[in-house]
2 protein chains.
Amino acid sequence: MPITAYEPRPLAKDTLRVIPVGGLGEIGRNMTVFEINGKLLIVDCGVLFPEEHQPGVDLILPDFSIVRDRLDDVLGIVLTHGHEDHIGAVPYLLRLKRDIPLIGSGLTLALIEAKLKEHRIKPYTLTVAEGQTEQFGPFELEFVAVNHSIPDALAVAIKTVAGNVLHTGDFKMDQLPLDNRLTDLRAFARLGEEGIDLFLVDSTNADVPGFTALERSIGPVLDDVIRRAPRRVVVASFSSHVHRVQQVLDAAHNNGRRVALLGRSMVRNMQIAAELGYLKVPENVLIDFKKAGDIPDNKIVYMSTGSQGEPMAVLSRMANGEHQVEIGENDTVILASSLIPGNENAVYRIINGLMKLGANVVHKGNAKVHVSGHAAAGELLYCYNILKPKNVLPVHGEQRHLVANAKLAQQTGVPEENTIIAEDGTVIDLKDGVASVVGQYDLGFVYVDGSSVGEITDADLKDRRILGEEGFISIIVVIEAQTGRVVVGPEIHAKGFAEDESVFDDVKPKIVAALAEASKNGMHDQHAMQQVVRRTVGRWVNTSYRRRPMIVPLVIEA
Amino acid sequence: MPITAYEPRPLAKDTLRVIPVGGLGEIGRNMTVFEINGKLLIVDCGVLFPEEHQPGVDLILPDFSIVRDRLDDVLGIVLTHGHEDHIGAVPYLLRLKRDIPLIGSGLTLALIEAKLKEHRIKPYTLTVAEGQTEQFGPFELEFVAVNHSIPDALAVAIKTVAGNVLHTGDFKMDQLPLDNRLTDLRAFARLGEEGIDLFLVDSTNADVPGFTALERSIGPVLDDVIRRAPRRVVVASFSSHVHRVQQVLDAAHNNGRRVALLGRSMVRNMQIAAELGYLKVPENVLIDFKKAGDIPDNKIVYMSTGSQGEPMAVLSRMANGEHQVEIGENDTVILASSLIPGNENAVYRIINGLMKLGANVVHKGNAKVHVSGHAAAGELLYCYNILKPKNVLPVHGEQRHLVANAKLAQQTGVPEENTIIAEDGTVIDLKDGVASVVGQYDLGFVYVDGSSVGEITDADLKDRRILGEEGFISIIVVIEAQTGRVVVGPEIHAKGFAEDESVFDDVKPKIVAALAEASKNGMHDQHAMQQVVRRTVGRWVNTSYRRRPMIVPLVIEA
C-alpha cells in the first residue's frame, strides 16, 4: 500500500515535533527525530536487515533526507543501547557530519566506537548513566535504566517547554535480571506523576500474551545440557548477548569445562564487555581457540556466532563440515537464540546438517534455551498503568505489533484517539498535552550494497528479482545501418535460463527476418530495433517455455 | 553434506527391496518404490515446493531415474491421499508411461484425475476403501483408514513372501474426527499381531511433544469470531482442507451468513468434495462470488486461498488492495492455516497489509484457528505400542524429524539397530524380519520451471542466485582479429547492478588496453580474450564497489 504523503504545516514556536524516521512498520533501522524551536535531537540510528524481496542488499538505512540539510541543528544522537538496529546506521550519518555528539551508556558507546573505528571515524561522545540529567539546548534529557537482551540499555525522558516525552528504547521487565539492573519502574512512576505527554514504547512483543520468562531460567538448562554432554559442546547465540554468554561461561565453569570464543564479533564484543565489567569471566575459563584442540572433548565449550543461519558464520560452516571444529557423533550443539522470521529455513538446514553429522541439537523448539529481550503484553500493561501517559506512540514493530500495543494502551485507559498508529515519516506535533498528526513524509529505503550507499533503487531490486527467478537471454546483433542487414550475429547467450544454447538456433532466423522487416518499414532507431528483437525473442521463449527471462537485446549499427 | 553413493547388491529372490525416492530429508515429493521378484510397486508420487535457494523453480519432482527403465514392471501407484506432496508428480510419471494404474480412495482419485485432466491424461484407476484387500502380482495390499487434514486418507499394508510392511502415509489420530473416520487402530493391532516387519511412518510432527488438538476444537472459535464480526469475514485456508471448510460453512450457517468460495483450486476441490459427499453443504449457504456483493456485509463469509502468502492468490491481492473484495475498516480476516517455514515473511506482510487497511486479523498466533494434520510424539507412541513393528523407517520429514521419530520408536522398545535413518535413494532389503541397508543411489532434484522439466541444473540455480543478488555487467567488444584493435565498443550494460552506466566510462580504456596488450602477446583465442575482459572488469568492480556481479564478456572478431 503506497502511503499518502503530505507536507506538514510549519512548526510553531514552543511546539515539539516528533518524526519516527525508521522502525515503524518494520523491525529495524530505529530512528526518531525530535525538533523544537529550531533544534533537533535524534534518538537511535539503526539498520534494518533485508528480506528475501530485497536480494543482495547488505543493509537498509533510515532515510536521512529530513535531517540531511539540517545537520548543523542536530544537538546530538541518543543511543538507547548497542544493538545493530539502534546503532548500525550511525557511521553513515556521521559520514555526513562527523562531529554530531553521540550520547549513550558506557557499553553502548564502546560498541559504536568499535564499529566507527572500522569506518575510520572517531566520534564525539558523552557517556551517561541511569539517573543522569543533561541539558541539550531546549531538550532536557533524563536517562532511565531499562532491562534488555544487552546490558546497559537506557530509556530516555525528553523534557521540553512543549511537554514531556518518554522513549523506552528496547526493553523488558525481567524482575530478577542477571545483573540486578531492573527496568526502573520507580523512575517511570515519578515521571508519570510529573506527567508524560507522549510515550514512545517498544512494540516487538505486544502481541505475545503474558510475561517474558526470566533470563536466569536459562542457566540451569544450559548447566544440565552441558553436564550431560558426552563430548564437545557448541553454543551459538547473538554476539552482543552478554548475559547469555555469561550464563554459558558459568555453566561451563560449573562443569569443569573451558570456553573458546568463536567468530570475530563474538570475540570483539566479549572483550569489550569484559573490559568494562559487564561480563564477569570466571578465572581460568576462557581459552584461545588455537589451544582449544589440546583440551579433551568433554572439557571444552565453543561459544560461537551464526545462530540465525548466516551462511558465512561459524555455525553454518560447522554444519557443512567446513570448519576446523569438525562436528561428529555425540557432539552437542545448543542454539541459545531466537528464530527471526525469514531465517527459519536457513536455521533448519543447519540443524539438519548438524544432526546428519551425528550431533545432538538443542534449540528453543525442544528446550528452554532462549527468552526474548522484549516486554510481552503483560509487562506493557504494568508500564502503562505505572506511567499513565497522555498519548502513546507505539514504536519498534510491524503494523501488527503497533496495533496490538495501541490496544494494550487503550485497555489501561488511554483514549483511542490518543494512541497513534504511525508510519516512518509521520509528523506528530505535541503541545499542551495534545499530540496531533500534522504531516507525512514519503521516506524511502536506503540500500547499502558493498560500498554503494543509496545508489540501488527499488527498480534495480525488481531487475534482480527477475534475474534471480528467470535468468536472462542476451542478443547481440550488428546490422548495416542502411539496410538492416545483419552483419554479425545474432549472438545469443543466456544465464540462469538453463537450456542448452543450441535451442536458440530456432529463434535466430526469426530475429533476422524481424529486423529486415522493420528496416524495410523505415525503422532505424536503435532503441526501436532493440524492441523488435526483445518482442521476437520474448514471444518465442514464452510460447516455447512458458517462462519470462529478462531479454537483453543490443543492436549495434556498423 | 554430499552423500556417499554405492550400488546396491543384486536383489535376491523372495527379498523385498524398499527405496524411499523422495520425502526423506525434506517435507515433500514423497515417493517410495517397493520391489520383489522383478515387480515394482510405487507408493505416492508427490512434489516438493522450492526454498529460497532454488529461485524461480515452480516445483521439484522426485528423481525417477531408478524406475525410468523399468516402467513395464510397475504394477501400480498407490496414492495414500490427495495432497500435492503425495500426488503432484503423478502427471510427470504418467507422461513416461500413461497406463500405470493409480490406486487410491475415492476423493484421492477424484483430485488426481482433475489434475491429470489439465495435463490431458486419462488414467487407469482402481478405487479402494479401508478394509479392502487387493493382490497386485507379488504384493498383497490391505488398505487401512487413517485420519489426516484431508478426508479419505489411507495407510497401506504391503504383504509379500519376504515380510509385511505398513506405510502410514500422512496421518494423525484425532479421536473425535469431524467425519467420525478414525485412524483404524484395531486394524493396526491386528496387523501388529500378524507381524509388521517394516513400518514406514510419518515423521512430520515427531519432534512436537504431546498430542495434536482436535480439528473439532476449531469450530467454536470460528463460530465465535464470525458471530462477533461487525462486517465481512474472510477465511483463508488450504484449498484441500475439506473439514476446515466444513467448519467454516457450519459456523457461517449458524450465524446466518452466506459463503462465497474464492480461488480456482478452492472452488474446484470443494465441488469435488461436495459431489462425492465429503463436504456437507448446509442448504442455502453457498453463493456464487458474483452475487456475493449483493449480500449485506454482515451476512457474508468469503472462503479463500492464499493462506501461505502466495503472491498471486486471493488473500495477497486483498492485502494489496488489488482484489474485487476491498478490505476495509472492521472487516475480519481469519487465517485458519499453518505457517509453513519459509513463508513467514510473506504471511506477515499480508497480515500487516490487511491491518493497515483496517481489518481485524485472526491467525494461529492469536487464536486457536488451526491444528496440524500430523501425529505428534504422543500419538506416535500409541502407534508404536499397538503395532510393535520389528523395524522402523521414519519417512516424511527432514533429518530432525526422522531422528526424533526413531527415538520415539526406540523408547517403545524397538532396538536402535532396527530403526533406520535413511535418505532419498537409500536401498533397504527386507527378508526374514531383518531390514538391511544395502545401497545408496545418488538421486537428484528434478526442477520444473514453466514447461521445462529436468533441464534446470544446480549450476543454473547458482547462476540465478548470483544474478539475483548482484545483477550482471555485460561487455561487448568487436575487435580486429589480427591486431586486437577494438573496432566496436566496448559496449557495457548492466542490470541489477544499480549504478548509472556512465560509471563504466572509467573501465572502458582499461579493457581496450588489456585487449591490445593480450593481442600483442600473441593471444587470439576468443575464450581467452573474453577472460581478459572478465578479469579486467571484475577487478575494477570489486575494487570500486566491493561487489561481485556476474561479468558477461563477449569478444567478437570482425
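If you're wondering where the values come from, they're calculated on a predicted model, not measured in any experiment.

A. Representation of the UniProt feature "binding site: Ca(2+)" (unreviewed entry) in chain A. All names here are of chain A. Listed under "binding site: Ca(2+)" (unreviewed entry) in the UniProt record, and renumbered for this structure, are Gly56, Asp58 and Asp449. The named residues occupy 394 residues along the chain; their greatest pairwise C-alpha distance, 7.1 Å, places them in one compact cluster. Summarising the element assignment, Asp58 is placed in the loop between strand 3 (39–43) and strand 4 (59–61). By relative accessible area, which is 40% here, Asp58 ends up partly exposed. Those residues in contact with Asp58 that lie beyond four places of it in its chain are Phe49, Pro50, Val448, Asp449 and Gly450. Tracing the sequence through the fold places Asp449 in strand 21 (residues 446–449). Overall, the relative accessible area of 2% leaves Asp449 in the buried class. Separated by 2.6 Å, the side chains of Asp449 and Arg464 make a polar contact.

B. Spatial organisation of the sheet that holds strand 10 (residues 153–160) of chain B. All names here are of chain B. With respect to topology, six strands assemble into an open sheet ordered 8-9-10-11-12-18, the strand pairing being mixed. In this open sheet, the two strands that pair with only one neighbour each are strand 8 (133–136) and strand 18 (391–395). For this sheet, the mean inter-axis angle between neighbouring strands, taken without regard to orientation, is 20°. Helix-sheet contacts for helix 5 (residues 185–194) involve strand 9 (139–146), strand 10, strand 11 (163–167) and strand 12 (198–202), and the interaxial angle to strand 9 is about 145°. Where helix 13 (residues 399–411) meets the sheet, its contacts fall on strand 12 and strand 18, and the angle it forms with strand 18 comes to roughly 155°.

C. Representation of helix 5 (residues 185–194) of chain A. Residues and elements named next belong to chain A. Within the span of helix 5, buried status applies to Leu185, Ala187, Phe188, Leu191 and Gly192. Seen from one end, helix 5 has its buried residues packed into an arc of 150°, which puts them on one side. Helix 5 presents Arg186 and Glu193 as exposed residues on the side facing more than 90 degrees away from its buried surface. Where helix 5 begins, the side chain of Asp184 points an oxygen toward the backbone nitrogen of Arg186, at a separation of 3.2 Å.

D. Region of the structure containing the packing of aromatic side chains. Summed over the entire model, instances satisfying the criterion amount to 17 aromatic pairs over all chains. Ring centres 5.8 Å apart and planes at 75° place the aromatic pair Phe211 of chain B and Tyr382 of chain B in the edge-to-face group. Linking Phe211 of chain B in the loop between strand 12 and helix 6 (218–228) with Tyr382 of chain B in helix 12 (residues 377–387), this pair joins segments that are 171 residues apart in sequence. A residue is classified by how much of its surface remains accessible, and Phe211 of chain B, at 53% relative accessible area, is exposed. Here Tyr382 of chain B falls in the partly exposed class, since its relative accessible area comes to 48%. With a centroid separation of 5.4 Å and an interplanar angle of 75°, the aromatic rings of Phe497 of chain B and Tyr545 of chain B are classed as edge-to-face. Of this pair, Phe497 of chain B sits in the loop between strand 24 (486–495) and helix 15 (508–520) while Tyr545 of chain B sits in helix 16 (residues 526–545); the two residues are 48 residues apart in sequence, bridging distant segments of the chain. The ring of Tyr348 of chain B has Arg400 of chain A lying over it, and the distance from NZ or CZ to the ring centre is 3.5 Å.

E. Region of the structure containing the packing of helix 4 (residues 106–118) of chain A against helix 8 (residues 264–275) of chain A. Residues and elements named next belong to chain A. Viewed as axis vectors pointing N to C, helix 4 and helix 8 meet at an angle of 135°, and their least axial separation amounts to 10 Å. With respect to helix 8, the element helix 4 is oriented oblique. When the axes of helix 4 and helix 8 are compared, the crossing they make is right-handed. Here helix 4 contributes Leu107, Ala110, Leu111, Ala114 and Glu118 to the contact with helix 8, which in turn contributes Arg264, Arg268, Asn269, Ile272 and Ala273.

F. The arrangement of the sheet that holds strand 16 (residues 332–335) of chain A in detail. All names here are of chain A. Ordered in space as 14-15-13-16-17, the five strands form an open sheet in which the pairing is parallel. Edge positions in the open sheet fall to strand 14 (258–261) and strand 17 (360–363), since each of these has one partner strand only. Taken pair by pair, the neighbouring strands of this sheet meet at an average axis angle of 20°, ignoring direction. Where strand 14 meets strand 15 (residues 300–304), four bridges bridge the pair, whose relative direction is parallel. Bridging across to strand 15, Leu261 finds its partner in Met303. Its contacts with the sheet put helix 11 (residues 344–356) on strand 16 and strand 17, and the angle it makes with strand 17 is roughly 150°.

G. Expanded view of the domain arrangement of chain A. Residues and elements named next belong to chain A. Along its sequence, chain A is carved into domain 1 (16–210 + 373–453), domain 2 (215–363) and domain 3 (471–557). In this structure, domain 1 and domain 2 have C-alpha centres spaced 31 Å apart. Across the contact, 18 residues belong to domain 1 and 15 residues belong to domain 2. Of all residues in domain 1, the largest losses of buried area upon contact with domain 2 belong to Leu107, Pro151 and Leu178, amounting jointly to 35% of the total for that side. Linking domain 1 with domain 2 are two salt bridges, by the criterion used here. Residues Glu118 and Arg264 are paired through a salt bridge, measuring 3.7 Å at the closest nitrogen-oxygen approach. Between domain 1 and domain 2 we count eight residue pairs in polar contact (both at pLDDT 80 or more) in total. Here the side of domain 1 that touches domain 2 is built from residues that sort into nine nonpolar, four polar and five charged.

H. Just the interface of chain A and chain B, in detail. Counting residues at the interface gives 57 residues for chain A and 57 residues for chain B. In this assembly, chain A packs against chain B so that about 5,400 Å² is buried in total across both faces, 57% of it on carbon and sulfur atoms. Linking chain A with chain B are eight salt bridges. Two residues, Arg349 of chain B and Glu52 of chain A, come together in a salt bridge whose shortest N-O distance is 3.5 Å. Joining chain A to chain B, the criterion identifies 25 residue pairs in polar contact (both at pLDDT 80 or more). No other element matches helix 11 of chain A, which puts nine residues into the side of chain A that touches chain B. For the side of chain A that touches chain B, the per-class residue count stands at 21 nonpolar, 16 polar and 20 charged.

I. Structural view of the pattern of salt bridges. Residue and element names in this part refer to chain A. Applying the stated criterion across every chain yields a total of 69 salt bridges over all chains. Taking the shortest distance from any N to any O, the salt bridge between Lys97 and Asp99 comes out at 2.7 Å. Asp331 is paired through a salt bridge with Arg232; the nearest N and O atoms lie 2.7 Å apart. Linking Asp331 in the loop between helix 10 (314–319) and strand 16 with Arg232 in the loop between helix 6 (218–228) and strand 13 (233–236), this pair joins segments that are 99 residues apart in sequence. The class for Asp331 is buried, based on a relative accessible area of 0%. Salt bridges here are not isolated pairs; linked through shared partners, they connect Glu142, Lys159, Arg190 and Glu194.

J. Layout of the environment of Phe472 of chain A. Note on placement: Phe472 of chain A falls in strand 23 (residues 472–479). A residue is classified by how much of its surface remains accessible, and Phe472 of chain A, at 1% relative accessible area, is buried. Residues Phe472 of chain A and Gly496 of chain A, 24 residues apart in the sequence, show an inter-C-alpha distance of 6.6 Å. Beyond its immediate sequence surroundings of up to four residues, Phe472 of chain A is in contact with Leu467, His493, Ala494, Lys495, Phe497, Pro549, Met550 and Val552 of chain A together with Leu467, Phe472 and Val552 of chain B.

K. Summary view of the relation of the copies chain A and chain B. When chain A is fitted to chain B, the residual RMSD is 0.0 Å, and the transformation amounts to a turn of 180° plus an axial shift of 0.0 Å. Taken together, the rotation and translation describe the operation of a two-fold axis. When each C-alpha of chain A is compared by its distance to the rotation axis, Gly468 of chain A comes out closest, at 1.8 Å. When the interface residues of chain A are mapped onto chain B, 100% of them again lie at the interface, so the same face is used by both copies.

L. Region of interest: the side chain of Arg547 of chain B. Along the polypeptide, Arg547 of chain B turns up in the loop between helix 16 and strand 25 (550–557). Within the structure, Arg547 of chain B has its side chain in polar contact with the side chain of Ser452 of chain A (distance 2.4 Å). The residues touching Arg547 of chain B, leaving out its near neighbours within four places in the chain, are Asp449, Gly450, Ser452, Ile456 and Arg464 of chain A together with Glu470, Phe497, Ala498, Glu499, Val541 and Asn542 of chain B.

M. Representation of the UniProt feature "active site" (unreviewed entry) in chain A within the structure. All names here are of chain A. Mapped onto the present numbering, the UniProt feature "active site" (unreviewed entry) falls at Asp202 and His374. A maximum C-alpha distance of 7.6 Å among these annotated residues, which run over 173 residues, shows that they cluster at one spot. Counting through the fold element by element, Asp202 comes out in strand 12 (residues 198–202). Since its relative accessible area comes to 1%, Asp202 is described here as buried. Every residue in contact with Asp202, bar those within four places of it in the chain, is listed here: Thr168, Gly169, Asp170, Phe171, His374, Leu380, Val395, His396 and Asn405. A polar contact of 3.2 Å, which involves the side chain of Asp202, links it to the backbone nitrogen of Phe171. The topology assignment puts His374 in the loop between strand 17 and helix 12 (377–387). Side-chain polar atoms of His374 contact the side chain of Thr204, separated by 3.2 Å.

Definitions and cut-offs
- Residues numbered from 1 in each chain as written.
- Chains lettered and ligands numbered in written order.
- Predicted model: local features only at pLDDT ≥ 70, side-chain atom pairs only at ≥ 80, totals over all residues.
- Heavy atoms only, no water.
- UniProt positions renumbered as here; feature names shortened; annotations may be inferred.
- Helix = DSSP H or I, 4+ residues; strand = E, 2+ residues; numbered from the N terminus.
- Buried < 20%, exposed > 50% of the residue type's maximum accessible area, 1.4 Å probe, protein only.
- Contact = heavy atoms within 4.5 Å.
- Polar contact = N/O pair within 3.5 Å; in protein donor to acceptor, adjacent residues only side chain to side chain.
- Pairing = 2+ DSSP bridges.
- Axes fitted to C-alpha atoms, helices over the stretch in contact; angles between N-to-C directions.
- Arc of directions from axis to C-beta.
- Phe/Tyr/Trp six-rings, centres within 6.5 Å; stacked < 30°, edge-to-face > 60°.
- Lys NZ or Arg CZ within 6 Å of the ring centre and 35° of its normal.
- Parallel < 35°, antiparallel > 145°, perpendicular 65-115°, else oblique.
- Left-handed = near helix turned anticlockwise from the far one by under 90°.
- Domains from an automatic or database assignment.
- Buried area = accessible area lost by both parts, 1.4 Å probe.
- Salt bridge = Lys/Arg side-chain N within 4 Å of Asp/Glu carboxyl O.
- Nonpolar A, V, L, I, M, F, W, Y, C, P; charged D, E, K, R; others polar.
- Least-squares fit on C-alpha atoms with pLDDT ≥ 70 in both.

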